Amino acid sequence: MIHFFRRNLFFNSLMLLPYCILLRAGSFFSSITSLDVSSHCTTYWESAINQLIPNSILQAIIAVILIFLQGAHLNHIVNKHRMTVVATLLPGMIYIMLTSIFLENLTLTQYTVGNGLSLLAISNFMAIYKKYKPETEFFMSGFWLSFACICSPIYGLLIIPLIVAFISLRTFNLKELLQITVGGISGGIIVASIHYFINTEGLKQLYITQHFTEVPTISNLYVLGFLGFILLMILMSIFSFQKFQIKKSLPVKKKLAVMYAMLASSIGIITMSCSLNLNSLYYMLIPIAYFMSMLVIHFRKLMIGEIIHTICIVLIINNHFNFYSFL
């Protein structure tokens, strides 16, 4: 399957949708129970989503479509800016896999929406390199970032890679900085206006009360294994920095630095753990998926990657449907 998604072909890209459905099929069965971990950091978002979309199956379908589109968008960003040795669909494939590991990941939450808005912001600030008139890109970077921050304060961490992109991809310009700021303020004004007119409550709870909690003691071995897996991928990404730099053009090296800045900024998620909400890790999965695709491309024997990928799929599906309990 890795060989299939290694090539950037239109038909192969469409096949990411059935791949996404396969890995997220557990969300269509209400009889399947999940771990005792909250999928929403606030009752505000949970009630809002349930009021707008009361049907759980429809929520699952929307979540599948959003994750598929995000995977396709990540592929578009990577391939448009030539951030891998070859044009590939592996970043999107790995992103879909990582966002589907636990049943909690399959629900429609603010993070499912927030990651899509983050990718829109990323695609805009990646496009500013040597662009003659990047006013639109600067404005839309701030605009989508502000909307993502409404979903969760975690997406405020995206300011760090945005600053790195602004400094490394452009010569500092106060006018352009103001364009980003105006974009961010514009998005905030729109959302604040909506809240004012529909008279919503719970904004303090949305951002402070439940997002900033103490890091809980983890006793579930599945969660510990997952966190260990995430840590391993982060370390692999860090130690592969020199390898990723080889034979890369200067623009690609600068954009690679932006992705590393995003990975580094994700450390801030620890302060917004929200009682270990597994979906709060969605933000860091964007750079991790990209770096892991780079490692897979560098595999001398692709069969090793195929075996690892097959094992991951089997474990994910087994985790959803509990065909066999390892503990």
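Now for a description of the structure that goes with this document. It should be emphasised that the depicted structure is a prediction, and the values quoted were computed from it without experimental measurement. (Residues numbered from 1 in each chain as written. Predicted model: local features only at pLDDT ≥ 70, side-chain atom pairs only at ≥ 80, totals over all residues. Heavy atoms only, no water.)

### Side note on the overall build of the protein
Alright, step 1. The secondary structure content of the protein amounts to 16 helices and 0 strands.
Alright, step 2. Within the span of the protein, comprising 327 residues, buried residues form 50% of the whole.
Alright, step 3. Residue pairs at least 24 apart in sequence account for 82% of intrachain contacts in the protein once pairs closer than 6 positions are excluded. (Helix = DSSP H or I, 4+ residues; strand = E, 2+ residues; numbered from the N terminus. Buried < 20%, exposed > 50% of the residue type's maximum accessible area, 1.4 Å probe, protein only. Contact = heavy atoms within 4.5 Å.)

### Topic: helix α14 (residues 250-265)
Alright, step 1. When the terminal C-alpha atoms of α14 are compared, their 23 Å separation across 16 residues agrees well with the 22 Å that a helix rising 1.5 Å per residue should span.
Alright, step 2. Those residues of α14 that sit buried are Val252, Lys255, Leu256, Val258, Met259, Tyr260, Ala261, Met262, Leu263 and Ser265.
Alright, step 3. Buried residues belonging to α14 abut α7 (110-126), α9 (159-169), α12 (221-239), α13 (241-245) and α15 (282-297). (Expected span 1.5 Å × (residues − 1).)

### Some details on the pattern of salt bridges
Alright, step 1. Counted by the stated rule, this structure contains 2 salt bridges.
Alright, step 2. With a closest N to O distance of 2.7 Å, arginine 170 and glutamate 176 form a salt bridge. (Salt bridge = Lys/Arg side-chain N within 4 Å of Asp/Glu carboxyl O.)

### Side note on the side chain of serine 141
Alright, step 1. As for its placement among the helices and strands, serine 141 is situated in helix α8 (residues 135-151).
Alright, step 2. For serine 141, a relative accessible area of 1% translates into the label buried.
Alright, step 3. A distance of 3.2 Å separates a polar atom in the side chain of serine 141 from the backbone nitrogen of phenylalanine 125.
Alright, step 4. When residues no more than four places from it in sequence are discounted, the contact partners of serine 141 are Ala121, Asn124, Phe125 and Leu162. (Polar contact = N/O pair within 3.5 Å; in protein donor to acceptor, adjacent residues only side chain to side chain.)

### Some words on the nonpolar core
Alright, step 1. Grouped together as the largest cluster of nonpolar side chains are 85 residues, with contacts concentrated most on Ile122 and Ile288.
Alright, step 2. It is α15 that contributes the most residues to this core, 14 residues altogether.
Alright, step 3. For isoleucine 122, the residues in contact, after removing those within four places along its chain, are Ile77, Leu158, Met262 and Ile286. (Core = buried A, V, L, I, M, F, W, Y, C linked by side-chain atoms within 4.5 Å.)

### A few points about the environment of glutamine 70
Alright, step 1. The topology assignment puts glutamine 70 in helix α5 (residues 56-80).
Alright, step 2. With 46 residues separating them in the primary sequence, glutamine 70 and glycine 116 have C-alpha atoms 5.7 Å apart.
Alright, step 3. Filtering out sequence-adjacent residues up to four positions away, glutamine 70 remains in contact with Tyr95, Thr112, Asn115, Gly116 and Leu119.
Alright, step 4. Engagement of the side chain of glutamine 70 in a polar contact is seen with the side chain of tyrosine 95, the distance being 2.5 Å.

### Points about the packing of α14 against α15
Alright, step 1. Orientation of α14 relative to α15, taken along the N-to-C sense of each, is 135°, at an axis distance of 8 Å. What the angle tells us is that α14 and α15 run oblique. The hand of the α14/α15 crossing is left-handed. Contacts from Leu256, Met259, Tyr260, Met262, Leu263 and Ser265 of α14 reach α15 at Tyr283, Ile286, Pro287, Ile288, Tyr290, Phe291 and Met294.
Alright, step 2. In terms of residue class, the contact of α14 with α15 is made up of 12 nonpolar, 1 polar and no charged. (Axes fitted to C-alpha atoms, helices over the stretch in contact; angles between N-to-C directions. Parallel < 35°, antiparallel > 145°, perpendicular 65-115°, else oblique. Left-handed = near helix turned anticlockwise from the far one by under 90°. Nonpolar A, V, L, I, M, F, W, Y, C, P; charged D, E, K, R; others polar.)

### Quick word on the packing of α5 against α7
Alright, step 1. Two numbers describe how α5 lies on α7: the axes approach to 10 Å, and their chain directions differ by 20°. The pairing of α5 with α7 is recorded here as roughly parallel in orientation. The hand of the α5/α7 crossing is left-handed. Seen from α5, the contacting residues are Ala63, Leu66, Ile67, Gln70, His73, Leu74 and Ile77; seen from α7, they are Thr112, Val113, Asn115, Gly116, Leu119, Leu120, Ile122 and Ser123.
Alright, step 2. When grouped by side-chain class, the residues that make up the contact of α5 with α7 number 9 nonpolar, 6 polar and no charged.

### Points about the environment of isoleucine 77
Alright, step 1. Checked against the element boundaries, isoleucine 77 lands in helix α5.
Alright, step 2. Sequence-distant contacts of isoleucine 77, that is, excluding residues within four places in its chain, are made with Met83, Leu119, Ile122 and Ser123.

### Side note on the packing of aromatic side chains
Alright, step 1. For the structure on display, the rule yields 16 aromatic pairs.
Alright, step 2. Judged by centre distance (5.3 Å) and plane angle (75°), the ring pair of phenylalanine 143 and tryptophan 144 falls under edge-to-face.
Alright, step 3. By relative accessible area, which is 22% here, tryptophan 144 ends up partly exposed.
Alright, step 4. Each ring, one from tyrosine 290 and one from phenylalanine 291, has its centre 5.2 Å from the other, and the planes form 50°; the classification is tilted.
Alright, step 5. Tyrosine 290 sits in the buried class, given a relative accessible area of 0%. (Phe/Tyr/Trp six-rings, centres within 6.5 Å; stacked < 30°, edge-to-face > 60°.)

### Examining a nonpolar patch on the surface
Alright, step 1. Taken together, Ile57, Leu58, Ile61, Ile65 and Leu69 make up a surface patch of nonpolar side chains, about 400 Å² in accessible area.
Alright, step 2. Relative to the assigned elements, leucine 69 resides in helix α5.
Alright, step 3. The class of leucine 69 is partly exposed, set by a relative accessible area of 45%. (Patch = residues over 30% accessible without salt bridge, like charges linked within 9 Å, V, L, I, M, F, W, Y side chains within 5 Å. Areas by Shrake-Rupley, 256 points an atom, 1.4 Å probe, with all protein chains shown as cover.)

### Details of α5
Alright, step 1. Along its 25 residues, α5 runs 36 Å from first to last C-alpha, staying within 8% of the 36 Å computed at 1.5 Å per residue.
Alright, step 2. A side-chain oxygen of the first residue of α5 lies 2.8 Å from the backbone nitrogen of isoleucine 57; this N-cap is asparagine 55.
Alright, step 3. Taken from the residues just after α5, arginine 82 is the one with a positive phi, measuring 55°.

### Re the side chain of serine 293
Alright, step 1. Mapping serine 293 onto the fold places it in helix α15.
Alright, step 2. For serine 293, a relative accessible area of 0% translates into the label buried.
Alright, step 3. Those residues in contact with serine 293, other than ones at most four positions away along the chain, are Thr84, Leu90, Pro91 and Ile94.

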